[in-house]
Amino acid sequence: MAHTGQNAPEENASVGGLVVVLGDQLSFELAALKAADPARDVILMAEVAAEASYVPHHKKKVAFLFAAMRHHAEALRAEGWRVHYARYDVADNSGTLVGEMGRALATYHLSGVRICTPGEYRLKAEIAEWSAAQQVPLTMLEDDRFLCSEAEFQSWAKGRKQLRMEYFYREMRRKTGLLMAGTEPEGGRWNYDAENRKAAQADIFMPRPRAFAPDAVTQEVLELVERHLPQNFGDLHPFWFATTRTGALEALEHFATQALPLFGDYQDAMLSDAPFLYHSVLAQYLNAGLLGPMEICRRVERAYYEGHAPLNAVEGYIRQIIGWREFVRGIYWLKMPGYTTENFFEASRPLPAFYWTGDTDMHCLAQAIGQTRKEAYAHHIQRLMVTGNFAMLAGVDPHAVHEWYLAVYADAYEWVEAPNVIGMSQFADGGVLGSKPYAASGNYINKMSDYCGACRYRVAQKTGEGACPFNALYWDFMVRNREKLSRNPRIGHAYRTWDRMSEGKQAEYLDSAKAVLDRLWD
Ligand code: FAD
Ligand code: DLZ
Ligand code: SF4
């Protein structure tokens, strides 16, 4: 489906157009390319300050994208396309994508702009406003790298009282045919999550994601990032991400053969100094367009049919991609604009400074944030149950939390990050995405990790000096938000537990929480 910019004159078919390829659209299958003519059209790719700085992106994220963009531009040229590539550090770079679009239109005397809808609302709006103001004909095409279009999601969502991933996921299984035996799910069940909650043990044979030595193109980008973005978050070196489609395919192959068999079992586990466990570490490639969702899922499905990986791992993995990933994107476009400023609990505290440094005695947070600084990566349970959980319990403004997540992960773009943060992890949307807040005391972290054994705090101690801060914060959060949560049938039991406590015990929890909160911002 194409939307043409309002108030714009029609595109002149006799001269070429400008085809814009954004930094996270690095795919040969892009609809904007398929609709283009290599003989007449010019492709624009641009490294610009506005995109590099709307949040203080992790240095590895910027380096990955710029290096992947430069490699992709070369690959497009090799396929016969005319590519205008604006480098970050040339003197006349205007600093914005619309600025570079205007300059390219003038330089090549092109008739209008064609682009796949950007993954972030702010950029979509900026481009549409610019085209209207400048009277530039604009064609925005649906980004069909996703399995479920915006319109399809809207019609699925229409009339439903609650939007739940599990039902959406079944539709996607039927639509794609992945792990289907005729009309039935492979193995007789749709979901094997019950088998996927094991705690992990340290294992010297644990695989690591496929790492790549930077080539000359990537090396040049690393120097650029070092020179121009020294204040950005995180460690640039060692840099080991793939920056080409060939590399990303190798990383997929490596995951499918090395880590996938145990992905399911240890999906929710956390271990000190094991940042990746059995996760795929493919989201940065997938979200930038170097890999497609179906090719990943087909490769993973093959591992099951060839007997290399069990069903609980393969089903669990495919669910993350055709279920969660598509579902959160659907919610994003359904709820934007406005979703990123939702604040159901009216939480207003600032983000504690240690989110940027990792400098805290809470070992779980130090581990999750430390590896985030180092690798631009943390796996799902760390994001949800450690950094996300803590911020929600502490009453941090969800918008500040959202901006942190958008900055620090190599795979972060608003369409996928915001529903995960605002919806899943902070419950700031009041239950659009999930049915209850993921609030947990230290007990959950202790069950799923080895963190607590190495912590200065004692997880079994509920209150007072030396107690795990999550324990008192959990009850403080529950009590603070009782009016908003007590009617939720999935939460009622917690309030019954609270009500059975003596007044003295309750006061101890609330006093301890106050002491923790006072320390966080002193
Ligand atoms: P694996 O664990 O190997 O999972 C496989 C793939 O499934 C991922 O590569 C990803 O494409 C997909 N996936 C898994 N869970 C989700 C999910 N909840 N939503 C969407 N896709 C999913 N994912 C992002 O891609 N970008 C983000 O900015 C992002 N922010 C998050 C913030 C929070 C608070 C939470 C709780 C989750 C977030 N996620 C995000 C989802 C998930 O944590 C990451 O996709 C995953 O950790 C990426 O690592 P991986 O490739 O090793 O994933
Ligand atoms: C994230 C990002 C960064 C850091 N830099 C650029 C850039 O210089 N040029 C570009 O085209 N895209 C960049 N991106 C990705 C865009 O921000 C992305 O397309 C939007 O966030 C929409 O998903
Ligand atoms: Fe985290 Fe509490 Fe465990 Fe320490 S004791 S690692 S703060 S959960």
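Shown above is the structure to which this text applies.
Residues numbered from 1 in each chain as written. Chains lettered and ligands numbered in written order. Predicted model: local features only at pLDDT ≥ 70, side-chain atom pairs only at ≥ 80, totals over all residues. Heavy atoms only, no water.

1. With respect to the pairing of strand 6 (residues 138-141)
And then number 1: Here strand 6 shows a buried face lined by Leu-138 and Met-140 and a second buried face lined by Thr-139 and Leu-141.
And then number 2: Pairing of strand 5 (residues 113-116) with strand 6, which is carried by four bridges, proceeds in the parallel orientation. When the sheet's bridge partners are listed, Val-113 is paired in strand 6 with Leu-138.
And then number 3: In this fold, the crossover linking strand 5 to strand 6 by way of helix 5 (residues 121-134) has right-handed handedness. (Buried < 20%, exposed > 50% of the residue type's maximum accessible area, 1.4 Å probe, protein only. Helix = DSSP H or I, 4+ residues; strand = E, 2+ residues; numbered from the N terminus. Pairing = 2+ DSSP bridges. Right-handed = clockwise from strand over helix to strand, strands pointing away.)

2. Brief notes about the packing of aromatic side chains
And then number 1: Scanning all chains against the criterion turns up 39 aromatic pairs.
And then number 2: Between Phe-153 and Phe-327 the ring centres are 6.0 Å apart and the planes differ by 65 degrees, which places this aromatic pair in the edge-to-face class. Placement of the pair is Phe-153 in helix 6 (residues 150-157) and Phe-327 in helix 13 (residues 311-335), with a sequence separation of 174 residues. Phe-327 matches Phe-153 in its accessibility class, with the two residues each being buried.
And then number 3: Following the ring pairs from residue to residue traces out a cluster consisting of Phe-64, Phe-239, Trp-240, Phe-241, Phe-276, Tyr-285 and Tyr-377. (Phe/Tyr/Trp six-rings, centres within 6.5 Å; stacked < 30°, edge-to-face > 60°.)

3. Describing the nonpolar core
And then number 1: Among the nonpolar cores identified, the biggest contains 164 residues, and Met-45, Leu-260, Tyr-285, Leu-365 and Phe-390 are the most heavily contacted of them.
And then number 2: The element best represented in this core is helix 13, accounting for twelve residues.
And then number 3: In this view, Tyr-285 contacts Phe-64, Phe-241, Ala-242, Ala-248, Ala-251, Leu-290 and Leu-291; residues no more than four positions away in its chain are not counted.
And then number 4: By size, the runner-up hydrophobic cluster in this structure holds 22 residues, among which are Leu-18, Val-20, Leu-44 and Leu-110. (Core = buried A, V, L, I, M, F, W, Y, C linked by side-chain atoms within 4.5 Å. Contact = heavy atoms within 4.5 Å.)

4. Quick word on the site of ligand 1
And then number 1: Near ligand 1 you find 29 residues, and of these His-279, Ser-280, Val-281, Asn-287 and Tyr-377 are the closest.
And then number 2: In this structure, Ser-280 approaches ligand 1 through a side-chain N or O atom, which is 2.6 Å from an oxygen atom.
And then number 3: Contact distances for ligand 1 include 3.4 Å between a nitrogen atom and a side-chain N or O atom of Gln-320.
And then number 4: Considering ligand 1 on its own, with 810 Å² of exposed area, one finds that the protein chains cover 99% of that surface.
And then number 5: When contributions to the shell around ligand 1 are tallied by element, the ones reaching two or more residues are helix 11 (283-288), helix 13, helix 16 (380-393) and helix 18 (414-425). (Near = heavy atom within 4 Å. Polar contact = N/O pair within 3.5 Å; in protein donor to acceptor, adjacent residues only side chain to side chain. Areas by Shrake-Rupley, 256 points an atom, 1.4 Å probe, with all protein chains shown as cover.)

5. A look at the environment of Leu-351
And then number 1: When you line up the elements, Leu-351 lands in the loop between helix 13 and helix 14 (354-357).
And then number 2: Separated by 235 residues in sequence, Leu-351 and Cys-116 place their C-alpha atoms 34 Å apart.
And then number 3: Setting aside anything within four residues of it in sequence, one finds Leu-351 in contact with Trp-356, Val-396, Ala-400, Val-401, Trp-404 and Trp-521.

6. Regarding the pairing of strand 5
And then number 1: A two-sided burial pattern is seen for strand 5, the buried positions comprising Val-113 and Ile-115 on one face and Arg-114 and Cys-116 on the other.
And then number 2: Relative to strand 5, strand 2 (residues 18-20) is paired through three bridges, and the arrangement is parallel. Considered in strand 5, the bridge of Leu-18 is made with Val-113.

7. Some details on the packing of helix 13 against helix 18
And then number 1: Packing of helix 13 against helix 18 leaves a shortest axis separation of 8 Å and a crossing angle of 85 degrees. Viewed along their axes, helix 13 and helix 18 adopt a mutual orientation that is roughly perpendicular. Taken together, the residues of helix 18 that come into contact with helix 13 (itself represented by Trp-324, Arg-325, Val-328, Arg-329 and Tyr-332) are Glu-414, Trp-415, Val-416, Ala-418, Pro-419, Asn-420 and Met-424.
And then number 2: Of the residues contributing to the contact of helix 13 with helix 18, the split by class is eight nonpolar, one polar and three charged. (Axes fitted to C-alpha atoms, helices over the stretch in contact; angles between N-to-C directions. Parallel < 35°, antiparallel > 145°, perpendicular 65-115°, else oblique. Nonpolar A, V, L, I, M, F, W, Y, C, P; charged D, E, K, R; others polar.)

8. Digging into the site of ligand 3
And then number 1: Ligand 3 sits among Met-362, Cys-364, Gly-442, Ile-445, Tyr-451, Cys-452, Cys-455, Tyr-457, Val-459, Cys-468 and Phe-470.
And then number 2: Residue classes in the shell around ligand 3 are distributed as ten nonpolar, one polar and no charged.

9. What about unusual backbone geometry?
And then number 1: In this model, His-237 is joined to Pro-238 through a cis peptide bond whose omega is -5 degrees.
And then number 2: With an omega dihedral of 0 degrees, the bond running from Met-336 to Pro-337 counts as a cis peptide bond.
And then number 3: You will see that Asp-273, though not glycine, has its phi angle at about 55 degrees, which is positive.
And then number 4: Turning to its location among the elements, Asp-273 is positioned in the loop between helix 10 (260-263) and helix 11.
And then number 5: Positive phi outside glycine occurs at Glu-346, with the angle close to 55 degrees.
And then number 6: Positionally, Glu-346 belongs in the loop between helix 13 and helix 14.

10. What to know about the environment of Gln-201
And then number 1: Within the fold, Gln-201 resides in the loop between strand 8 (184-185) and helix 8 (216-228).
And then number 2: In the structure, Gln-201 is positioned 68 residues away from Ala-269 in sequence and 9.1 Å away in space, judged by C-alpha atoms.
And then number 3: Leaving out residues up to four positions away in the same chain, Gln-201 has contacts with Met-206 and Leu-271.

Functional significance is not addressed by these values, which are geometric in nature.
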